[in-house]
Every structure is written in structure tokens, then in C-alpha cells.
There are 2 protein chains.
Amino acid sequence: MAGGHTVAAFDAELAALHSAIDRMAALVESQFATALDALATADAAKAAVVVEGDAAIDRLEMEVEAMTIRMLALRQPMAKDLRDIVAALKIASNLERMGDFAGSVAKRAVTLAGLPVVPPAGSLTWMGRTVLEMIGDMRRAYAEQDAALAAAVRDRDGEVDAAYTSLFREFLTYMMETPAQITGCTHLLFAAKSIERIGDHATNVAENISYLVEGRLPAEERRKGDHSSFAVAPSSTPEG
Amino acid sequence: MAGGHTVAAFDAELAALHSAIDRMAALVESQFATALDALATADAAKAAVVVEGDAAIDRLEMEVEAMTIRMLALRQPMAKDLRDIVAALKIASNLERMGDFAGSVAKRAVTLAGLPVVPPAGSLTWMGRTVLEMIGDMRRAYAEQDAALAAAVRDRDGEVDAAYTSLFREFLTYMMETPAQITGCTHLLFAAKSIERIGDHATNVAENISYLVEGRLPAEERRKGDHSSFAVAPSSTPEG
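Just so you know, the residues in each chain are numbered from 1, in the order the chain's sequence is written. Here every chain gets a letter starting at A, and every ligand a number starting at 1, in the order they are written. In view of the model being predicted, local features appear only for residues whose pLDDT reaches at least 70, and side-chain atom pairs are presented and counted only at 80 or more, with totals across whole chains, interfaces and linings using the full set of residues. With hydrogens and water stripped out, all remaining heavy atoms of the structure feed into the side-chain values.

1. A word on the overall build of chain A
A helix here means a DSSP run of H or I that spans at least four residues, while a strand means a run of E at least two residues long, and both kinds are numbered starting from the N terminus. If you tally the helices and strands in chain A, you get six helices and zero strands. Traced from its N-terminal end to its C-terminal end, chain A shows the element sequence α-α-α-α-α-α. Contacts in chain A between residues at least 24 apart in sequence constitute 84% of all its contacts with a sequence separation of at least 6. Each accessible area is a Shrake-Rupley estimate made with a 1.4 Å probe; only the visible protein chains count as cover when residues are assessed. Entry remark: accessible area of chain A is about 9,300 Å², with carbon and sulfur atoms responsible for 56%. Two residue types count as positive, namely Lys and Arg, and two as negative, namely Asp and Glu; His and chain ends fall outside the count. Here the site of a charge means atom NZ of a Lys, CZ of an Arg, CG of an Asp or CD of a Glu. Taking the 23 positively charged and 34 negatively charged side chains of chain A as two groups, their mean positions are separated by 2 Å. The criterion used for residue contact is that any of the two residues' heavy atoms lie within 4.5 Å.

Set out below in C-alpha cells:
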């Protein structure tokens, strides 16, 4: 991009900013993978590692913020350089939220590990794997400034939302049939919601990548596929 | 603030930015108040108004973003002016999320309105009222650049988190005792979580106000009072 910033110093700062974002995203990816693993195996020790690891993501967000403010103040960037910096600020904020939600999933895993019986978490595993793939693609789209890949990430969010809605119905039914599992199911439902929200934030990041690369937001309105707010169990009384 | 921007044009742009943020916040406040009302009275028509109204908040966020990018590009602000603009960008993003969560509360109200029996939503009312007060104080703190009031908003978040945790336990118990109310209770639990998250975002905005006024983030780590991730019902089997 031809701007007023052909100086090598600015390019070095921009590279450092990109690298900080990628370090944040890599941490989010590994934190989330570990949280899913802890949830699937009801492993409290593994979950505790995720809860503690969140502070590193928060620190990186503050670092990114300090870098962007310094660059805005000293370099007075224009056009694509300015978009690049504003996008970094927004992406970092989304990554920080994703880290928080990975922590929420891990906290639910701790609680589930302490329950006498745990409901089957299989439906969450597929959802979690899809979101994990979205995060991997999101990282690649950012590193390669690939707007097409970013659009593909965004398109997958509908799958996740649909899976979450069907899982919500499934768990409501299961709770009515198995009241002893209500506590476990409720925590799994909230874990599923956190996973769905991580997918939403990955989609936001993908939209920021599109903006950064193409200078405008995707024209099409994002499909809102999470209809779980309206979900009721097939029969609303277990006694029928 | 003595900067390079004594020009009246910049001050006018800053005033327009502040006014756009306040319009966003006022919309969030009224959307949330209406959503709470719809929840308390299980009024689907009122809830539908909130769901439709969210687009106006999203449009205002894009407006704020366009204003900030233009100001960064053309005015090259420094020091407090720069903080003011960066804070606006972050506050707008939090307000947009708050609007989304008000919409989530409203969607749950629609579903509850369609159920044959609805569990008592009284505990949510107190929580909702506290968060509504936080939003009012947050608006005043922004308008008056009052860091002390911003700190007071932040301090109230602990009350909301504690109320949410106790409500989570209460609802688990209620579901076990009244399986016919599982669907209703689950939607109320998610509505409560959305209310709690609106409180979190009001707290984020309060922190951004502190940063904007004082040039640094509050030193003290924010207390994390939502322990509901670890909550189990007093007895985990209803037969027990």
C-alpha cells in the first residue's frame, strides 16, 4: 500500500503487531483445545491449566492495545495501514473474549468432574471441533490476508449455530427424562453456549480480516442461525 | 488538553462522537428496560419491539466506527484526544454487545410467553434493575467524564455476579422439584446470564471511561464474582 509510511520502522512495527495478534490467536486455539479435551474427559486438572492460562491472553491484549495507540500517535497511518491497526485493536478484543469463553468451558469441566453422574457430552464434541477448525482457518486467513478464507470461516458459523440449537432441544428433553442429570445438563448447556459464542467471535475476527484486506465489511448480513432462544422440548411436561 | 488540535473543527467532531456514543447508550438503556419489562410480564409483542430495535444500535456502532477512523486519519490526534477516540471505539463495541444481550433477553421472553406454565422470574427483576442502574450511571459518568462514578459502576458488578450465582443454584433446585418447569427455567437461566453479561459490559465501559479520563486503567484487578460455573444444586438428585 502506498502511504506516507514507507519507512522501515513502521513496517517493523506492523510486523510486530501482526505477530502479537498471532501469538494471542495461537494461545486462544490451544486454550480452547485443552478446554474441550477437559470437558470430554471430565479432567479437572487439565481444566485448571486453562483457567490459569487466561491471564496470558489478557496481558497480550493490553500489549496489542499499547502498540496500536503508540503507532496511531507516532506514525499517523493512512488508508490500509490505518485499517490494519484498527482491525488489530478489534481482533485483539475478540480474541480476549474467546479466551474468556475457553475459560468458561474449562470451569464447567471442573464442576462436571465433581458430579456423581455426568450426561453424555458427545454432541458438544462435534460442535467444539468445528469451532476449533474455524479458529485455525481464522489464523491462516489473518497471516495470509486471505479474504476468501475469512469468508469461509464466516459461512461456517451457521453450522455451529444449528448444532447448538439442536443440542439445546436434546438437552431439555434429556433433563425431563433424567431429573438426576439436571445439574450436569445445565452446565453442559452453558458450556455449549460458550462454544457457540467462541464461534461468533471467530466470525467477527473473520469480518475484521475482510475489512482489513478489502477495505469494506462483507455486504451480506450475517445469517443468525442460533434459534435456541425459541427452543422448547418436544413435550413440555415429562409426564406428557 | 493542550494538543495539536485546538481547531474548532476537531472539537466539533469530538462533540459529535460523544453524542453518537450517548445516543447508542440511551438506546441500549431503553431496549434493556423494555426487555426486562417483557420478561416480567411475558409480553411477546413488547419483546418483538426489542428484537427489531437492535438494528438501530448496530447502525450507530458502524457510524461511530466510521467517525473514529476518519478522525484518526485526518486529525492525527495525540494524548487525551487519541485516548478519547480509542475509548469511543471500544465503548461502542461494548454497547453493541449490550444491545445484542438485550435482544437475547427479549427472545427468551417471547418463548416464555408461549409456554403453558412460567416459573417465577422475581429474582431476575432485582438483578435486572441493578444492571439498569449501572447503565444509567455509566451514561452519566461518560457525559460528565466522572472517573469516580465510573469506578462506582465497576464496583457494583460484584453484586450482580453474586445475585446471578445464587439465582443459578435456586433454579437448579426448582427444576429438580418441578420437572414440568425445566424448559421455562432453562430459558430464564439463560436470560439471567444475558443480564449478568450486560453488567460485565457496563463494567468494561466504566473501565474505558476511567482510561479516557485518567489515562490509565484501574490498577486493581476486577473482582470476578460469578461463581455459577461451579454451582451445583444443594442436592444433586431430587430423589436424594
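Picking up where we left off.
2. Some remarks on the relation of the copies chain B and chain A
The copies were overlaid with a least-squares fit restricted to C-alpha atoms from residues scoring a pLDDT of at least 70 in each copy. With an RMSD of 0.0 Å, the fit of chain B onto chain A corresponds to turning through 180° and sliding 0.0 Å along the axis. Read as a symmetry element, the transformation amounts to a two-fold axis. Considering only C-alpha atoms, the part of chain B nearest the rotation axis is B:Gln76, at 2.8 Å.

3. With respect to the packing of aromatic side chains
Only rings of Phe, Tyr and Trp enter the pairing, Trp through its six-membered ring, and a pair is recorded when the two centres are within 6.5 Å. The plane angle decides the type: under 30 degrees is stacked, over 60 is edge-to-face, the rest tilted. According to the stated counting rule, one finds five aromatic pairs over all chains in the structure shown. Ring plane angle 65° and centroid distance 6.1 Å describe the contact between A:Tyr164 and A:Phe168, whose orientation is recorded as edge-to-face. Here the residue A:Tyr164 and the residue A:Phe168 both occupy positions in helix H5 (residues 147-177), the gap between them amounting to four residues, near one helical turn. For every residue, the accessible area (1.4 Å probe, protein chains only) is compared with the maximum for its type, and the residue is labelled buried under 20%, exposed over 50%, or partly exposed between those bounds. For A:Tyr164, a relative accessible area of 0% gives the class buried. Residue A:Phe168 is classed as buried on the basis of its relative accessible area of 0%. One aromatic cluster is present, built from ring pairs that chain together A:Tyr164, A:Phe168, A:Phe190, B:Tyr164, B:Phe168 and B:Phe190.

4. Considerations on the environment of B:Ala44
Residues and elements named next belong to chain B. Mapped onto the elements, Ala44 comes out in helix H2 (residues 44-75). The spacing of Ala44 and Thr111 is 67 residues in sequence and 7.9 Å in space, taken between C-alpha atoms. Beyond its immediate sequence surroundings of up to four residues, Ala44 is in contact with Val110 and Ala113.

5. Quick notes on the confidence of the model for chain A
Residues and elements named next belong to chain A. Each residue carries a pLDDT score, the predictor's own confidence in it, on a scale running from 0 to 100. When pLDDT is averaged along chain A, the result is 89, and 90% of the positions lie at 70 or above. This stretch, residues 1-5, has a pLDDT under 50; its non-local contacts, to residues over four places away or in other chains, come to nine contacts. Low confidence marks residues 235-240, where pLDDT is under 50. Its contacts with residues over four positions away, or in another chain, come to eleven contacts.

6. Let's talk about the interface of chain B and chain A
Residue-level contacts link 49 residues of chain B with 48 residues of chain A. At the boundary of chain B with chain A, total buried surface from both sides reaches about 4,200 Å², with 67% on carbon and sulfur atoms. Defined here as a combined quantity, buried area equals the accessible surface (1.4 Å probe) lost by two parts on assembly, summed across both. Three residues, B:Phe190, B:Ser229 and B:Phe230, lead the burial of chain B against chain A; their summed loss comes to 13% of the area buried on that side. Linking A:Glu65 and B:Lys90 is a salt bridge whose minimum nitrogen-to-oxygen distance equals 2.5 Å. Whenever two N or O atoms come within 3.5 Å, that pair is a polar contact, provided that in protein one can donate a hydrogen and the other can accept it, and provided that, for residues adjacent in sequence, both atoms are side-chain atoms. Counting across the chain B and chain A interface gives two residue pairs in polar contact (both at pLDDT 80 or more). Put simply, the parts of the chain that give the side of chain B that touches chain A at least two residues each are H2, helix H3 (79-113), helix H5 (147-177) and helix H6 (182-214) of chain B. Polar here means any residue outside two lists: the nonpolar Ala, Val, Leu, Ile, Met, Phe, Trp, Tyr, Cys and Pro, and the charged Asp, Glu, Lys and Arg; Gly therefore counts as polar. In terms of residue class, the side of chain B that touches chain A is made up of 30 nonpolar, ten polar and nine charged. By definition, a salt bridge exists where a carboxyl oxygen of Asp or Glu is found within 4 Å of a side-chain nitrogen of Lys or Arg.

7. Re the state of the cysteines
Two cysteine sulfur atoms make up a disulfide if the distance between them is within 2.5 Å. The final tally for this structure, using the stated rule, is zero disulfides over all chains. A:Cys185 takes part in no disulfide bond, and the closest cysteine sulfur, belonging to B:Cys185, lies 14 Å away. Residue class for A:Cys185 comes out buried when judged on its relative accessible area of 0%.

8. Some remarks on H3(B)
What a helix should span is 1.5 Å times the count of its residues minus one. Here H3(B) is 35 residues long and its end C-alpha atoms lie 51 Å apart, about the 51 Å a rise of 1.5 Å per residue gives. Of all 35 residues in H3(B), 29 are buried; the element is thus mostly enclosed.

9. Quick notes on helix H1 (residues 8-41) of chain B
Compared with an ideal rise of 1.5 Å per residue, which puts 34 residues at 50 Å, H1(B) spans 49 Å between its outermost C-alpha atoms and is within 8% of the ideal. Looking one or two places after H1(B), you find B:Ala42, whose phi comes out positive at around 45°.

10. Topic: the side chain of A:Asp54
Here A:Asp54 is to be found in helix H2 (residues 44-75). In this structure A:Asp54 touches A:Gln31, A:Gly99 and A:Asp100, once residues within four positions along its chain are discounted.

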